Amino acid sequence: MLEKNPTVDPYEIIYQLYPYKIFLKDAVDSVETLLSKFNKLTDLVKKTPGNTKTYIDTDYQNEFIGKMVRTVMISDFCIVGPNGSGKNMLVNEMAQILDREVENIVLYQDMTSRDLVQQRTTLDNGDTVWNFSPLVSAALEGRIAILDGIDRIHPSTLTVLHRLIQDRELQLHDGRRLISSDRYEFLQKEFNLTEEQLKASGVLRIHSDFRIIAIGEPPNTQSKSGNWLSPEMLSLFVFHELRTLSKHEETHIVTTKFGPLTKSMHRIIDLAHVLRATSDQSLKNLSGHLSTRQLLRIAARIKHYPSTDPYEIIQETFMIKFLPSLTKQALEKTVQNIGIVPTTNTTKTVNYEIKNNILTIGESSAPLYNTENLMKVPNILFYDVPQHLRLMEKLLQDFQLGHHLLLVGNQGVGKNKIADRFLQLLNRPREYIQLHRDTTVQTLTTQPTVKDGVLVHEDSPLVKAVKFGHVLVIDEADKAPTHVTCILKTLVESGQMILSDGRRIASKVPAGRDDENYIEIHPDFRIIVLANRPGFPFLGNDFFGALGDLFSSHSVDNPSQQAEIELLKRYGPDVPIGTVERLVEVFGDLRTMADQGLLSYPYSTREVVNIVKHLQEFPDSDIEEVIFNIFDFDKYTPELTETLGEVLVKHGFSSKNIMTAEYVAAKRAKENIQVTVKRYSGKETNDYIIIIIYQSILLAWTLTPPSMERKTPTTTPTSEATPGLEAPAAETLPDWEAKGAVPSGQRTQSTPDEEKASVPEHVQRAAREMGRKAFQEKLKEIGMSGYDHSVYSQFSDAVSRQVQSLRVILGNLQAKNKERQWSRHQTSGELDDVKLIDGLLGEKTIYRRRSEQEPELGTPQTKPKHFRVVVDVSGSMYRFNSYDGRLDRELEAVVLVMEAFESFGDKIKYDIIGHSGEASHIVFVSKDGSPKNNKERLEIIRVGRKTMHAHAQYCWSGDHTLEATEQAISSLAEEDCDEAILVVMSDANLQRYGIPPSELAAALTSKPNVSAYTVFIGSLGDQAERLLQKLPAGRAFICNDTKELPQILKQIFFFFHSST
């Protein structure tokens, strides 16, 4: 390279061969120290390619293209750059400058070496033959092969390319062989062979102009599996690192294309660069959603539709509604600091009309589509809601701008309905495809079948939509693996795709090419992708995170309260309006609780519509029975049962919790059992019979005031039995005489409310006194005084809602440990049923076998996780507690963990270890000795000589945070569990004791099988913020309020699931 380019900086060539800044985490300084020993490189060491000038125009891209031109003349190379930075665009620009043809090849995870080299097909007579892959065709014809997604493909698949890249030789599956142009010419001259003779011998020439350009995203150094730049990969290519454009460059590009920038566009560009430069890793991860490609899309919208609200654009671009709570708060604060704030204008009314074949929604118009294929135009029942019409106006604007669409929302909010209604109004024919977990790249494009012994590839809905200009609706896109849906990237971005049968989709058929092998994209072709939000409870992949910036994205939410009422009135015109309003209030509260993390499932409009439709069709139905149809599965979760019952009682559906197992069982058995008071009065008696249900036990008592005779009441015989009922012991009923349970075969009678109200005050006082005494007995049973209870309540009550939120999170924990699963495309094992046709055609990789793989989303655990909390009980925690409440906050956090983790022993075991100036390992809670009641929990945090509070108050000064972390991680690494998680709670006062952040960072990442994090719950000044910047991204958090802890733990529990 230096021989042909003598003016190139030596450092630049070394960096292209060994791009250490991309994949090395901690050894960058060591490499640069080594390079600094060479005199010629001393001044170049700290120079980052492309960062030495103030960029005006597009000098950086021109310089980058110049580097690629120099490299492509000599060898193959690889471009590494963030998503949306223009990698494909620059390669295509380079090819146009050199007047070279390119062959785009999208790589995906399931791709095999056969897919890269040759593919099986049949002739008209049924004979099977091998067809060249696009890579081999490019090699023979001298084109540039672009391997898009080198970071996605399995390393073992790339081994077939080693000889092709390094020696320019390739052995094909049919026995033929490709050799370099130099060796081909040598054979011709040395053995006097003609081209026909060599071809007959199975020897083919690789064109001298053939080059391979690989394209990939930067490796994920936080994940072992995400660092694809292995030593083998480094030996294959020369590397070019592409950075994102500077603010000045992006501003210039947007201005050149769309004219002067508006104030709102300036702020959006500012936001993009603030996110790219931030030290907060959670915000930095979001910066990809404001790539240059996305900024151009936003600028186009603002230019053509100036009334667009920039705050709404940001909401849609980042899908802020679906972000984790802490990330959402940080992003909204950053957005407001930039000056992008919600508008105070009232929501405008949007209507639609069709006049003179022109559809107008709000202020946007488009002509109706003229089609003869009316059978594929959706025709659905749809009640227009203002919120949905406003969304459809945005969709219409995007269609006019030529954008493809992505709709993301919770299940049941109406994504399909909105998409179908939108196409119905436009008169656009639709092709529909629904993805699932077993969707493959082949099934997404074509479906191979055998007809009369001949392999026939039937077009998928995707191919039909491309051919005829229909709208392709891709439903459940989040269910398919992201490595499958990623093949949409080149189709959306550059209008190219290679089908499994060898045909190619292209925006324009190249001149001189066989039209039969090309499918030209119809100019009216559009894609609408529908996806649920990622993660629980929908168990989908993050389609938006992987491909979101390729689409104009919109979030779909439930209608507003008033809009939902109007919608339900259309579905149930005969349902009482009071019932409709109460249902909307109930589901509104449930959705709010889901947003707060108190519920896991976000109840949608679909559920409440089903209730109203049922009541409309069957007006005499018991509304409680109808509600049971929606919430039946939820009654198996005690916390959820209590929450749902409270919400229903709050809005007047019942005076008691109708979701309890006792109430539901009685309801199902048609037993009319309530609190029953039967009064017998007269001159000589004034008795009461009180019958109640308490914890599934039917109790009957006779209450006789003093100096009155007791009288046994009569009952009404019935043929129905009441099995399994027992009477309580007489001594448990103070001042009451137990008469036993209602005999089998007897029915109790319901008493009207007015008769219940006639129960004397002294009876009600007796009932309250019984409850008070029962509570005192419970305290006595666990050895807890009233004072102890009040002390414990100070900590417990402060985190009661957080306990419920954390229990919801714990209930959604999934398996992390690798499991044995079916691996497909194997050469041995069990026959794969879905590859029978391939087997008939001679394919070898038609087997499957069991191997260890990462578990899929939602996989239940077979082993419990081990969660360890290391708490700081040093003297500084007690000393500065009056300053910022750090010790109280830590005690509340421990109570939160102990109460929330109760009854989750099958999913997660926990222990609590303390450290102080005296010791580095103080066991407060052991893994198998968790506290069972409030008394035991109180003894751990406050009451007793060896408690957390007492230790912090009386221990010697000093700090063992580092030693405690190292010991906890080392012992956790030896545990046999699904996943080991460590949370170190500490104040940020590490500098005083000479603990450098680098050593704590090394300890947190020392064991790959332990996920270790630190939470700073106390700080003097900005100590915690400064430490956060120096610790590994995603490994440290600041908790200034115990309310934030459940969300921090949620991010911790799902951090590695999302990163992998």
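Residues numbered from 1 in each chain as written. Predicted model: local features only at pLDDT ≥ 70, side-chain atom pairs only at ≥ 80, totals over all residues. Heavy atoms only, no water.

Per an unreviewed UniProt entry, the recorded name for the protein chain is VWFA domain-containing protein, and the organism is Molorchus minor.

(A) Focus on the environment of I253. Mapped onto the elements of the fold, I253 is located in helix 13 (residues 247-258). Residues I253 and T58, spaced 195 residues apart in sequence, show a C-alpha to C-alpha distance of 7.8 Å. In this structure, I253 is in contact with T58, Q61, L245 and L296, ignoring residues within four places of it in sequence. (Helix = DSSP H or I, 4+ residues; strand = E, 2+ residues; numbered from the N terminus. Contact = heavy atoms within 4.5 Å.)

(B) Focus on the pattern of salt bridges. Going through the model one piece at a time under the given rule, you end up with 38 salt bridges. Between R868 and D911 there is a salt bridge; the shortest N-O distance is 3.0 Å. Here R868, found in strand 33 (residues 865-872), pairs with D911, found in strand 34 (residues 908-915); they are 43 residues apart in sequence, far enough to count as distant. You can call D911 buried: its relative accessible area is 5%. (Salt bridge = Lys/Arg side-chain N within 4 Å of Asp/Glu carboxyl O. Buried < 20%, exposed > 50% of the residue type's maximum accessible area, 1.4 Å probe, protein only.)

(C) View of the packing of aromatic side chains. Evaluated as defined, the whole model comprises 12 aromatic pairs. Look at F399 and F422: their rings are 5.1 Å apart centre to centre, the planes differ by 85 degrees, and that puts the pair in the edge-to-face class. With a gap of 23 residues between them, F399 in helix 19 (residues 386-401) and F422 in helix 20 (residues 415-426) connect regions that are remote in the sequence. For the pair F399 and F422, one class covers both residues: buried. With 6.3 Å between their ring centres and 80 degrees between their planes, F587 and Y603 make a pair best called edge-to-face. Of this pair, F587 sits in helix 27 (residues 577-595) while Y603 sits in the loop between helix 27 and helix 28 (605-617); the two residues are 16 residues apart in sequence, bridging distant segments of the chain. Classification of F587 as buried rests on a relative accessible area of 1%. The exposure class assigned to Y603 is buried, which follows from its relative accessible area of 3%. (Phe/Tyr/Trp six-rings, centres within 6.5 Å; stacked < 30°, edge-to-face > 60°.)

(D) Expanded view of the pairing of strand 2 (residues 102-106). Where burial is concerned, most of strand 2 is hidden: four out of the five residues are buried. Bridging between strand 2 and strand 5 (residues 144-148) involves five bridges; their strand directions are parallel. If you follow I105 over to strand 5, its bridge partner there is L147. (Pairing = 2+ DSSP bridges.)

(E) Just the sheet that holds strand 21 (residues 518-520), in detail. Taken in spatial order, the three strands of this open sheet run 19-20-21, and their pairing is mixed. Since the sheet does not close on itself, it has two edges, and those belong to strand 19 (496-498) and strand 21, each with one partner. In this sheet, adjacent strand axes meet at a mean angle of 15 degrees when their direction is disregarded. Set on the sheet, helix 22 (residues 461-468) makes contact with strand 19, strand 20 (504-506) and strand 21; between it and strand 21 the angle comes to about 60 degrees. (Axes fitted to C-alpha atoms, helices over the stretch in contact; angles between N-to-C directions.)

(F) Quick look at unusual backbone geometry. At R168, a position not held by glycine, the phi torsion is positive, near 55 degrees. We note that S903 has phi near 75 degrees; this positive angle belongs to a residue other than glycine. Mapped onto the elements of the fold, S903 is located in the loop between helix 39 (886-900) and strand 34. When its relative accessible area of 57% is taken as the criterion, S903 is described as exposed.

(G) Molecular detail of the environment of F795. Along the chain, F795 falls in helix 34 (residues 786-796). Placed 96 residues apart in sequence, F795 and L891 show a C-alpha to C-alpha distance of 7.3 Å. Residues contacting F795, with those up to four places away along its chain left out, are D888, L891, E892, V895, I941 and R942.

(H) Spatial organisation of the environment of V377. Here V377 lies in the loop between strand 13 (364-367) and helix 19. With relative accessibility at 13%, the residue V377 sits in the buried group. In contact with V377, not counting residues within four places along its chain, are T371, L423, Q424, N427, R428 and P429.

(I) Up close: the packing of helix 19 against helix 20. The interhelical angle for the contact between helix 19 and helix 20, taken along N-to-C directions, is 60 degrees, at an axis separation of 11 Å. Relative to helix 20, the element helix 19 lies oblique. At the point where helix 19 passes helix 20, the crossing takes the right-handed sense. Residue-level contacts link H388, L391, M392, L395, L396 and F399 of helix 19 to I418, R421, F422, L425 and L426 of helix 20. Among the residues making up the contact of helix 19 with helix 20, the classes are represented as nine nonpolar, one polar and one charged. (Parallel < 35°, antiparallel > 145°, perpendicular 65-115°, else oblique. Left-handed = near helix turned anticlockwise from the far one by under 90°. Nonpolar A, V, L, I, M, F, W, Y, C, P; charged D, E, K, R; others polar.)

(J) The sheet that holds strand 12 (residues 358-361), seen in detail. Taken in spatial order, the three strands line up as 11-12-13 in an open sheet, and their pairing is antiparallel. What marks the edges here is a single partner per strand, and that holds for strand 11 (352-355) and strand 13. Strand-to-strand, the axes of this sheet are offset by a mean angle of 15 degrees, without reference to chain direction. This element, helix 19, spans strand 11, strand 12 and strand 13 of the sheet and lies at about 55 degrees to strand 13.

(K) Examining the packing of helix 34 against helix 40 (residues 934-941) more closely. The N-to-C vectors of helix 34 and helix 40 enclose an angle of 70 degrees; their axes lie 10 Å apart at closest approach. In terms of their interaxial angle, helix 34 and helix 40 are classed as roughly perpendicular. Judged by residue contacts, D788, V791, Y792 and F795 of helix 34 engage N934, K935, R937, L938 and I941 from helix 40. Here the contact of helix 34 with helix 40 is built from residues that sort into five nonpolar, one polar and three charged.

(L) Highlighting helix 7 (residues 134-141). The buried fraction of helix 7 is high, at six of eight residues. Of all the positions in helix 7, only P134, L135, V136, S137, A138 and A139 are classed as buried. G142, located one to two residues past helix 7, shows a positive phi value of around 80 degrees.

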